[in-house]
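So you can see what is in the structure, the chains are spelled out below.
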Amino acid sequence: MTTAQAVGAVSSEAAEWFAIDWQTIHRNVRRLQVRIVKAVKEGRWGKVRALQRLLTHSFSGKILAVRRVTENQGKKTPGVDREIWDTPEKKIQAVHELKRRGYQPQPLRRVYIPKSDGKTMRPLGIPTMKDRSQQALYLLAFDPVVETTADHNSYGFRQQRSCADAIEQCFKTLVKPHPQWILEGDVKSCFDRISHDWLLAHVPIDRAILQKWLKAGYLDKHVLHETTDGTPQGGIISPALANCALDGLERLLKEKFPTKRCLPSLGGKCPCVNLIRYADDFVITGRTKELLEGEVKPLVEQFLHERGLELSPTKTVTTHVEQGFDFLGQNVRKYPNGKLLIKPSKKNVKVFLDGIRKIIKASLGLSAAELIDWLNPKIRGWANYHRHVVSKRVFQRVDYAIFNSLWQWARRRHPKKSPGWLKQKYLGQQGGRNWSFFGESSDDEGKPHKVRLLLAGSTPIQRHVKVKGEAHPYDPAYAATWKAAG
């Protein structure tokens, strides 16, 4: 009897999860987020806090928070408690247990992943599922405030914004005769060093909950460590906190160096100071090198110091636009003929090709079709990222390099076969090309078919349409913009 009751209870919980009307849930949360945006614009911060509390205590908000942490990429990654919510019963139970009263976050589980240089390691803090869902819940109420008050030319960790927007803004700013100089900036260990005192004093969120997250500590090799500053890389709400700390820099620069006000120190000319930021990487333009190093850089350093941050001395440099600079995997440079061209950076191309060669070298035991299945998503993703800039020639060089690596793979795989035999087995004609790499595979019904390698050069170059600076997804005034973009 007890077993029957238990089974019945479990099935009823599963039925409750499957019966959720997600369209209504999204509409309820959206309605509150729109009201939060309106209150922020009107400067009614008491109303903002009341609406945030209403959202974080709502059933709809809790349902969406649990759904997010159980359906994203980290859904199978547990925290220190080694728990994951992988059944409808666990999910609906988590919704009912998601409460502010008595909530105490557990320490983060510290893991390390390699940085892009392949030498140093980046620490990540993995919260428990319960802490992740609590952060996701409060982010629903916090993000509309961050988006409404954000700098117009901030593009990292924001919905409906991308690297392509930041690069397009670089083009629009630097294609003009002035500015000519760029301050390339990088905030040193941004997530690890943000001041807790500054966050607690300035971030518009439930401060009691925020303090608990900031002071939760982390477990590294079974040893508990305290956290005195920084936000954990790996927490759902951390990117929004980092953006909140860095927002305001563009407004500060515009107040100090208005666009149309001429400065006597520049001979009565405009300073041409503009900020383009993606997360903790940014570029600031200026008319002269002396302006950027003597006035702009000290202002940025003071702004960051108040937040417990500082510029990275090795990554912060001043560059002339004709010399060119790398930003977000692209190289931005104005050539002697006066034309500004943005191309994939040499470093980005090298890292991509090194990764492709590594896969090919390690795939001697795979068939051609299996190797193509590994390579195509990577080639497609890389080419799509660079399709908005001047990439056609780079794409062709990349295709040639990949072809050479695949030819070496075929020769190592069949050392006693002639080049003619290898060409017949692996290379065929496609769209006017006689050297298209292919493999033999079969579908679900067992019918054989050819799988062909994707060419980066087949990706069409398309000019990116940049998002409007003041637009964000929570503002009803731009609903048509997001609908057209989506």
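A. Representation of the sheet that holds strand E3 (residues 181–186) within the structure. Ordered in space as E6-E7-E3-E8, the four strands form an open sheet in which the pairing is antiparallel. The open sheet has two edge strands with one neighbour each: strand E6 (274–278) and strand E8 (317–320). Along the sheet, successive strands turn relative to each other by an average axial angle of 20°, direction set aside. As judged from the four bridges shared by E3 and E8, these two strands associate in the antiparallel manner. Paired with leucine 183 across the strands is threonine 318, a residue of E8.

B. Structural view of the packing of aromatic side chains. In the structure shown here, the tally under the stated rule is 10 aromatic pairs. Ring centres 6.0 Å apart and planes at 85° place the aromatic pair phenylalanine 403 and tryptophan 435 in the edge-to-face group. Here tryptophan 435 lies in strand E13 (residues 433–442) and phenylalanine 403 lies in helix H16 (residues 392–413), a separation of 32 residues in the sequence. Judged by centre distance (6.4 Å) and plane angle (70°), the rings of tryptophan 407 and tryptophan 435 are edge-to-face. Of this pair, tryptophan 407 sits in helix H16 while tryptophan 435 sits in strand E13, and the two are 28 residues apart along the sequence. Its relative accessible area of 41% is what places tryptophan 435 among the partly exposed residues. One aromatic cluster is present, built from ring pairs that chain together Phe352, Trp382 and Phe395. Over the face of the ring belonging to phenylalanine 303 we find arginine 307, whose NZ or CZ atom lies 3.6 Å from the ring centre.

C. Highlighting the confidence of the model for the chain. The predicted model of the chain has a mean per-residue pLDDT of 91, with 96% of residues at 70 or higher. For the stretch residues 1–9, pLDDT sits under 50, and the model shows zero contacts to residues farther than four places along the chain or on other chains.

The rules behind these values
- Residues numbered from 1 in each chain as written.
- Predicted model: local features only at pLDDT ≥ 70, side-chain atom pairs only at ≥ 80, totals over all residues.
- Heavy atoms only, no water.
- Pairing = 2+ DSSP bridges.
- Helix = DSSP H or I, 4+ residues; strand = E, 2+ residues; numbered from the N terminus.
- Axes fitted to C-alpha atoms, helices over the stretch in contact; angles between N-to-C directions.
- Phe/Tyr/Trp six-rings, centres within 6.5 Å; stacked < 30°, edge-to-face > 60°.
- Buried < 20%, exposed > 50% of the residue type's maximum accessible area, 1.4 Å probe, protein only.
- Lys NZ or Arg CZ within 6 Å of the ring centre and 35° of its normal.
- pLDDT = per-residue confidence, 0-100.
- Contact = heavy atoms within 4.5 Å.

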